[in-house]
Amino acid sequence: MTCPTVEVTGRRIVLLSGYQRSKRIGSEAGKPKPIKIEARRKLRLSMAKNPDAVAFGYTAGSWVPAA
């Protein structure tokens, strides 16, 4: 399974965890599934604290940059 790449506050990042894929509807078979991001506000705060990070994971209720 591939990890989604999303744009948040103008930056493209990779989400390693902390997301759920939505179900596809009818004719959307060729399109990527939309995702729901857990604690989006906390993700933005973590991105501000770690401006060089390109991947984040959601662990124990907080977003951490990948090392």
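In this text, all values refer to a predicted model and were calculated from it rather than measured experimentally. Position labels on residues start from 1 in each chain and follow its written sequence. Confidence filtering applies because this is a predicted model: local features only for residues at pLDDT of at least 70, side-chain atom pairs given and counted only at 80 or more, and all residues used for totals across whole chains, interfaces and linings. Note that the side-chain values use all heavy atoms of the structure and ignore hydrogens as well as water.

Per the convention used, a helix needs a DSSP run of H or I reaching at least four residues, while a strand needs a run of E reaching at least two, with both numbered from the N terminus. Secondary structure assignment for the protein yields one helix and six strands. Starting at the N terminus and walking to the C terminus, you meet the elements of the protein as β-β-β-β-α-β-β. A buried classification covers 24% of the 67 residues belonging to the protein. Put simply, of all contacts in the protein between residues at least 6 apart along the chain, 37% involve residues at least 24 apart. All accessibility values rest on the Shrake-Rupley procedure with a 1.4 Å probe; residue burial counts only the protein chains present in the view. For the protein, the accessible surface area stands at approximately 4800 Å², while carbon and sulfur atoms represent 54% of it. A 1.4 Å probe rolled over the protein chains alone gives each residue an accessible area, and that area as a share of the maximum for its type sets the label: buried under 20%, exposed over 50%, partly exposed in between. Residue contacts are defined here by distance: any two heavy atoms, one from each residue, within 4.5 Å place the two residues in contact.

With that settled, the discussion passes to the nonpolar core. With eleven residues, the main nonpolar core is built from Val-6, Val-8, Ile-13, Leu-15, Tyr-19, Ile-37, Leu-43, Met-47, Ala-53, Phe-56 and Trp-63. Listed by contribution, the elements that provide at least two residues to this core are β1 (5-8), β2 (11-15) and α1 (40-49). Residues in contact with Leu-43, not counting those within four places in the same chain, are Val-8, Ile-13, Leu-15, Ile-37, Phe-56 and Trp-63. Throughout this description, the term nonpolar core refers to a set of buried Ala, Val, Leu, Ile, Met, Phe, Trp, Tyr and Cys residues connected via side-chain atoms within 4.5 Å.

For the rest of this paragraph, the subject is the packing of aromatic side chains. In this description, an aromatic ring pair is defined by two values, namely the gap between the centres and the angle between the planes. What counts as a ring pair is set by centres within 6.5 Å for rings of Phe, Tyr and Trp (its six-membered ring), and what kind of pair is set by the plane angle: stacked under 30 degrees, edge-to-face over 60, tilted for all other angles. For the structure on display, the rule yields one aromatic pair. On the numbers, 5.1 Å between centres and 50° between planes, the contact of Tyr-58 with Trp-63 is tilted. Using a relative accessible area of 25% as the deciding quantity, one classes Tyr-58 as partly exposed.

The subject of this paragraph is the environment of Arg-21. Along the polypeptide, Arg-21 turns up in strand β3 (residues 19-21). Expressed as a C-alpha distance, the spacing of Arg-21 and Pro-4, which sit 17 residues apart in the sequence, is 9.4 Å. Ignoring anything within four residues of it in the chain, the contact list for Arg-21 reads Thr-2, Cys-3, Pro-4, Lys-33, Pro-34 and Ile-35. Polar contact criterion, stated in full: a pair of N or O atoms within 3.5 Å, where within protein one must be able to donate a hydrogen and the other to accept it, and residues adjacent in sequence count only if both atoms are side-chain atoms. Within the local environment of Arg-21, its side chain forms a polar contact with the backbone oxygen of Thr-2, the two atoms lying 2.9 Å apart.

Keep in mind these numbers describe shape, not what the thing actually does.
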